[in-house]
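Report on the structure
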Amino acid sequence: MLSEREQSWIEDARTELTAAELVADGGLANIAIYHARQAIEKLLKAGYPIMRARPMPHEHSLQGMVHGVFGRIPEEIWEIIKRLNPFYMSTRYVDAAGGPPSERFDADDASEAIAMAKEAFAWIETQYRAKS
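Figured I'd write up the structure that's included with this text. Just so it is clear, the structure is predicted and the values come from calculations on it, not from any experiment.

Turning our eyes to something else, we now look at helix H3 (residues 62-69). If you check which residues of H3 are buried, you get Leu62, Met65, Val66, Gly68 and Val69. Buried residues along H3 cover an arc of 165 degrees about the axis, so they all sit on one side. Against helix H2 (29-52), helix H4 (75-84) and helix H8 (107-131) lie the buried residues of H3. Where H3 terminates, the next one or two residues include Gly71, which has phi positive at roughly 80 degrees.

On to the packing of H3 against H4, then. Packing of H3 against H4 brings their axes to within 8 Å, and their N-to-C directions diverge by 145 degrees. On H4, the residues touching Leu62, Gln63, Val66 and His67 of H3 are Trp78, Ile81, Lys82 and Leu84. Across the contact of H3 with H4, the residue classes tally to five nonpolar, two polar and one charged.

With that settled, consider the pattern of salt bridges. Applying the stated criterion across every chain yields a total of ten salt bridges. Among the salt bridges present, the one from Lys118 reaches Glu21, with a minimum N-O distance of 2.4 Å. Placement of Lys118 in helix H8 and of Glu21 in helix H1 (residues 4-25) is noted, with a sequence separation of 97 residues between them. Notably, a salt bridge pairs Arg37 with Glu41, separated by 2.6 Å at the nearest N-O pair. Residue Arg37 and its partner Glu41 are both found in helix H2; the two are separated by four residues, about one turn of the helix. The same class applies to Arg37 as to Glu41, namely buried. What you see here is one network of salt bridges that share partners, running through Glu11, Arg14, Glu125 and Arg129.

Calculation rules
- Think of each chain on its own: its residues are numbered from 1, step by step along the sequence as written.
- Where local features are concerned, this predicted model is filtered to residues with pLDDT of at least 70; where side-chain atom pairs are given and counted, the filter is 80 or more; whole-chain, interface and lining totals use all residues.
- In computing side-chain properties, one takes all heavy atoms of the structure into account and sets aside hydrogens as well as water.
- Burial status follows relative accessibility: with a 1.4 Å probe on protein chains alone, a residue under 20% of its type maximum counts as buried, one over 50% as exposed, and anything between as partly exposed.
- Runs of E in the DSSP output that reach at least two residues are strands. Runs of H or I that reach at least four are helices, and both are numbered from the N terminus.
- As used here, the arc is the angular range of directions from the helix axis to the C-beta atoms.
- Throughout, a residue-residue contact means that at least one pair of heavy atoms, one from each residue, lies within 4.5 Å.
- Where helices are involved, their axes are fitted lines through C-alpha atoms of the stretch in contact, as for all axes, and angles between N-to-C directions lie from 0 to 180°.
- Three categories are distinguished: nonpolar for Ala, Val, Leu, Ile, Met, Phe, Trp, Tyr, Cys and Pro, charged for Asp, Glu, Lys and Arg, and polar for the others, with Gly belonging to the last.
- Salt bridges, as used here, are contacts in which a Lys or Arg side-chain nitrogen is within 4 Å of a carboxyl oxygen on Asp or Glu.

This is the structure we're talking about:
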């Protein structure tokens, strides 16, 4: 059974997905992509106590956290993680995006990132529930 803290992290991650959708609807693609990515980051952080009985790291690499929580994962989920990972910087910083992030990303990019995040979220959450 998930602890209250673990469940709170999962719910907060789910809130990030909701925020991504709301912000995308408002036309702020780069911010929506960032929130979609943040949903996965928060969800993965919750996995350390759930899957490994270890404290959550102070880390931002989705790829690093996947390895820390699961080791190997299905290839299609790994591809999503690799695609979402760089959005931590490129959706927020001009230098990382090669120009204003608000101009680099569009509604299609946001829709794709949200869809990928939802797919990864569902797989990750299923693993946590199976473990608890």
